[in-house]
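Per-entry structural report
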Amino acid sequence: MIELHLPHQDPIRFAKYVMFKDDKQALVRVEFDSTPTLPMIAEAAAQASGVFGGSNTGLGFLVSLKNIKLLEKPQKLHYKAKIINEHTMGSMTYFSFEFIQESATIATGSFVITVE
């Protein structure tokens, strides 16, 4: 695993390690200090999208959230976030995500990030 470098600091730095990445999707290890809420999961997914930033990329900002759904109650402190780069246009990228607890998907949704 490769550490994901973000400007976030503990206790709100949730996305920690890149487990897998290709051009369109990534799997990121996410860690919490306490059982996460749905807003924490959405923030962790947005942080995990940072795996698609290059060395010349500026700061990314969360622009919108859509269809964020909690499918099962979170029970662990460590998860896998599957992030899919659905579409990029200019400085904006549309992502979808699945939050995985062991082998079960516990949350899904999509969001837009813009890069300054």
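No experiment lies behind these values; they were computed from the predicted model shown.

What follows is about a nonpolar patch on the surface. There is a patch of nonpolar side chains on the surface, built from M1, M19 and F20 and spanning about 330 Å² of accessible area. Take F20: it is sitting in strand β2 (residues 15-21).

Once that is clear, we can look at the pattern of salt bridges. Applying the stated criterion across every chain yields a total of four salt bridges. Here E31 and R29 are joined by a salt bridge, their closest N and O atoms 2.7 Å apart. On the basis of relative accessible area, R29 is assigned to the partly exposed category, the value being 25%. Between E102 and K76 there is a salt bridge whose closest N-O contact spans 3.2 Å. In this pair, E102 is assigned in the loop between β6 (92-101) and β7 (104-115) and K76 in the loop between β4 (60-70) and β5 (78-89), connecting sequence segments 26 residues apart. Its relative accessible area of 60% is what places E102 among the exposed residues.

Under the counting rule described, the total for this entry stands at seven aromatic pairs. Pairing F32 with Y79 gives two aromatic rings, centres 5.9 Å apart and planes at 70 degrees, and the pair type is edge-to-face. On the criterion of sequence distance, the pair formed by F32 in the loop between β3 (25-31) and α1 (38-48) and Y79 in strand β5 is long-range, its members being 47 residues apart. In this structure F32 comes out as buried when scored by relative accessible area, which is 5%. The interplanar angle of 45 degrees and the centroid separation of 6.1 Å between the aromatic rings of F97 and F111 together place this pair among those described as tilted. Taken together, the positions of F97 in strand β6 and F111 in strand β7 put the pair 14 residues apart, joining distant regions of the chain. Taken individually, F97 and F111 each receive the classification buried, so the pair is uniform in this respect. One aromatic cluster is present, formed by F14, F32, Y79 and F99 through successive ring pairs.

Quick notes on the rules
Residues numbered from 1 in each chain as written. Predicted model: local features only at pLDDT ≥ 70, side-chain atom pairs only at ≥ 80, totals over all residues. Heavy atoms only, no water. Patch = residues over 30% accessible without salt bridge, like charges linked within 9 Å, V, L, I, M, F, W, Y side chains within 5 Å. Areas by Shrake-Rupley, 256 points an atom, 1.4 Å probe, with all protein chains shown as cover. Salt bridge = Lys/Arg side-chain N within 4 Å of Asp/Glu carboxyl O. Helix = DSSP H or I, 4+ residues; strand = E, 2+ residues; numbered from the N terminus. Buried < 20%, exposed > 50% of the residue type's maximum accessible area, 1.4 Å probe, protein only. Phe/Tyr/Trp six-rings, centres within 6.5 Å; stacked < 30°, edge-to-face > 60°.

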